[in-house]
Amino acid sequence: MLDLHRLRVFRSVVASGSVHAAAANLGFTPSAISQHLAALQRETGLVLLERAGRGLRPTSAGLALAAEADELLARVGEAEALVADLRAGRTGSLSIAYFPSAGIVWMPALVDGLMRAFPGVRLDLRLCDEPPERLDERPDLQLVVAGDEIPRRAGFRAEHLRDDPYVVILPEGHRLAGRDEIELAELAPERWIDNDFVHGRCRQVALDACAAVGFRPAFHVEAHDYRAALAFVAAGIGITVLPSLGAEQPPPGVVLIPVVRPTPVRRIHVVVRESVAASELGRTALALLRAGR
């Protein structure tokens, strides 16, 4: 097994032409250089250098080894640079899962910030509404809607990002459109437009709040999508109640009003792999999410 350090010393002697010059270049003593050369020749069983006046020149075997050493040391240098980049988060990959409204509002700024800070990183973005505990393979970082407690899993930690209160979206001209806030019970007789999957957690938050004031919405349209629901409201078909994050880019023709007594609220968390959270890339991603909340 060749010693890389001795190869570097040998390559320096070949390039500089003498032990003393190589010692000066490398910051070693001439004696140390000579010892490394002798050890390398013993390891290889080859005569690598021969006297040429006051200096040294490589033998044919030495020239062949020096050429190979150039390529080997270049690859080692690339590997060392890669390790340094990985430690600093300047390269590698990061998998991120997110739910739809976070994808629209937060993900563009997050991706832009990461690509500016780490232009060599590869981002694997996944739209995913599943809670972390249901995934066979967890992404490095996942934005989730959950309760106060997220099931713990070894190697991951969760951080609460924000509480997201719900608002009612009304068509312009609606009888309640001029209000500063609307009690949830006042919306019981309205034509409701559903905006989430039947078993979606965000939908359940709204249903639980409605149940707390004694009614269950009568959904006349089931859109299962925030943007579609907003478009139906703009067309005057009915009203919808959704998290404020999902209503940050409303279409023309609608009015957003806070819902009170009670206010449905969903809690948004980020679940991150601990090894990623400790990296420069992970710390930057978390900082960007905190700034965007």
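Above: the structure in question.
Scope of this entry: the structure provided in the associated data block. Please read these numbers as outputs of a predicted model, since none were measured by experiment.

## Points about the overall build of the protein
- On a plain count of helices and strands, the protein comes out with 10 helices and 12 strands.
- In terms of overall size, the protein is more extended than a compact globule, its C-alpha atoms giving a radius of gyration of 32 Å where 293 residues would be expected to give roughly 19 Å.
- Going through the 293 residues of the protein one by one, you find that 43% of them count as buried.
- Long-range pairs, those at least 24 residues apart, make up 72% of the contacts in the protein between residues at least 6 apart in sequence.
- With an accessible surface of roughly 15,200 Å², the protein has 52% of that area assigned to carbon and sulfur atoms.
- The centroid of the 33 positive side-chain charges in the protein is displaced by 7 Å from the centroid of its 36 negative side-chain charges.

## Some details on the nonpolar core
- L114, L143 and V168 are the most contacted members of the largest nonpolar core, which has 57 residues in total.
- Excluding its chain neighbours within four sequence positions, the residues that come into contact with V168 are I182, L187, I239, T240, V241, V255, L256, I257 and V259.
- Formed by 17 residues, the second largest nonpolar core is a distinct cluster that contains V9, V13, L37 and L65.

## Examining unusual backbone geometry
- With an omega of -5°, the peptide bond between R261 and P262 qualifies as cis.
- Structurally, P262 can be placed in the loop between β11 (254-260) and β12 (265-273).
- One non-glycine residue, H224, lies in positive phi territory at about 60°.
- By secondary structure assignment, the location of H224 is in the loop between β9 (219-222) and α8 (226-234).
- Given the relative accessible area of 27%, H224 is considered partly exposed.
- One non-glycine residue, R261, adopts positive backbone phi at about 45°.
- With respect to the helices and strands, the residue R261 is situated in the loop between β11 and β12.

## Considering the environment of G236
- For G236, the location among the structural elements is in the loop between α8 and β10 (240-243).
- Here G236 falls in the partly exposed class, since its relative accessible area comes to 48%.
- Separated by 218 residues in the primary sequence, G236 and S18 place their C-alpha atoms 88 Å from one another.

## Concerning the packing of helix α1 (residues 4-16) against helix α2 (residues 19-26)
- Where α1 meets α2, the axes come as close as 8 Å, and the angle between the chain directions of the two elements is 120°. One element, α1, and the other, α2, form an angle in the oblique class. α2 is crossed by α1, and the crossing has right-handed handedness. On α2, the residues that touch V9, S12, V13 and S16 of α1 are A21, A22, N25 and L26.

## What about α8?
- Buried within α8 are the following residues: Y226, A229, L230 and V233. Seen along its axis, α8 keeps its buried residues to an arc of 100°; they face one direction.
- Where α8 begins, the capping side chain belongs to D225, and its oxygen is found 3.1 Å from the backbone nitrogen of R227.
- Just beyond α8, the residue with positive phi is G236, at close to 85°.

## Here's the deal with the pairing of β12
- Pairing of strand β5 (residues 141-146) with β12 involves six bridges; the strand directions are antiparallel. Across the sheet, the residue bridging to V144 is H269, located in β12.
- Note: strand β6 (residues 156-171) against β12, nine bridges, orientation antiparallel. Counted as the bridge partner of D164 is R266 from β12.

## Details of α2
- For α2, the full list of buried residues reads V19, A22 and A23. All buried residues of α2 fall inside an arc of 100° around its axis, so they share one side. In α2, the exposed residues that point more than 90 degrees away from the buried face are H20, A24 and N25.
- Against the buried residues of α2 lie α1, α3 (30-44) and β2 (55-58).
- One side-chain oxygen at the N-terminal end of α2 lies 3.0 Å from the backbone nitrogen of A21; it belongs to S18.
- Phi turns positive, to about 80°, at G27, one or two residues after α2.

Rules used throughout
- Residues numbered from 1 in each chain as written.
- Predicted model: local features only at pLDDT ≥ 70, side-chain atom pairs only at ≥ 80, totals over all residues.
- Heavy atoms only, no water.
- Helix = DSSP H or I, 4+ residues; strand = E, 2+ residues; numbered from the N terminus.
- Rg over C-alpha atoms; globule rule 2.2 N^0.38 Å.
- Buried < 20%, exposed > 50% of the residue type's maximum accessible area, 1.4 Å probe, protein only.
- Contact = heavy atoms within 4.5 Å.
- Areas by Shrake-Rupley, 256 points an atom, 1.4 Å probe, with all protein chains shown as cover.
- Lys, Arg positive; Asp, Glu negative; His and termini not counted.
- Charge placed at Lys NZ, Arg CZ, Asp CG, Glu CD.
- Core = buried A, V, L, I, M, F, W, Y, C linked by side-chain atoms within 4.5 Å.
- Axes fitted to C-alpha atoms, helices over the stretch in contact; angles between N-to-C directions.
- Parallel < 35°, antiparallel > 145°, perpendicular 65-115°, else oblique.
- Left-handed = near helix turned anticlockwise from the far one by under 90°.
- Arc of directions from axis to C-beta.
- Polar contact = N/O pair within 3.5 Å; in protein donor to acceptor, adjacent residues only side chain to side chain.
- Pairing = 2+ DSSP bridges.

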